[in-house]
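Structural features, examined
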Amino acid sequence: QVQLVESGGGLVQAGGSLRLSCAASGRTFSSYAMGWFRQAPGKEREFVASITWNGRMTYYADFAKGRFTFSRDDAKNTVYLQMNSLKPEDTAVYYCAAGRLAASEPGEYRYWGQGTQVTVSS
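Residues numbered from 1 in each chain as written. Predicted model: local features only at pLDDT ≥ 70, side-chain atom pairs only at ≥ 80, totals over all residues. Heavy atoms only, no water.

Another point: the environment of Gly99. Along the chain, the position of Gly99 falls in strand β9 (residues 92-99). C-alpha separation for the pair Gly99 and Leu4, spaced 95 residues apart in sequence, amounts to 12 Å. Excluding its chain neighbours within four sequence positions, the residues that come into contact with Gly99 are Tyr32, Ala33, Glu108, Tyr109 and Arg110. (Helix = DSSP H or I, 4+ residues; strand = E, 2+ residues; numbered from the N terminus. Contact = heavy atoms within 4.5 Å.)

This is how it looks when you write it as structure tokens:
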């Protein structure tokens, strides 16, 4: 079992940066791929980025490429999403998730955090 808690969200001006953290607990964290997803009001949950269980491969949605960086630190049981050059359309609740594969489909992830709000003002 894996428990996930996101943090680091907040209010930032367009062009600014935030680093989201997802702290994990559970005996098998290092064996799980991780994903970041986001959901704005009235929108479907969408894929942001994912990372393989060993941290060797990362995958990004088109809107995230060149702006967002996904990393993991298994020693701290934590994954991070560094977000730069933020845009108002990045405003959403951001969720981290754990699963067996670094997939882009939410349904592939077994465990989810409660989310952290990111608001980008313009």
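Anyway, onward from the coordinates.
On strand β7 (residues 68-73), burial follows the alternation: Phe68, Phe70 and Arg72 on one face are buried, whereas Thr69, Ser71 and Asp73 on the facing-out side are not. The pairing of β7 with strand β8 (residues 78-83) spans six bridges and is antiparallel. Within β8, the residue paired with Phe68 across the bridge is Met83. Between the end of β7 and the start of β8, which pair antiparallel, lie four residues, with Asn77 showing a positive phi angle near 50°. (Buried < 20%, exposed > 50% of the residue type's maximum accessible area, 1.4 Å probe, protein only. Pairing = 2+ DSSP bridges.)

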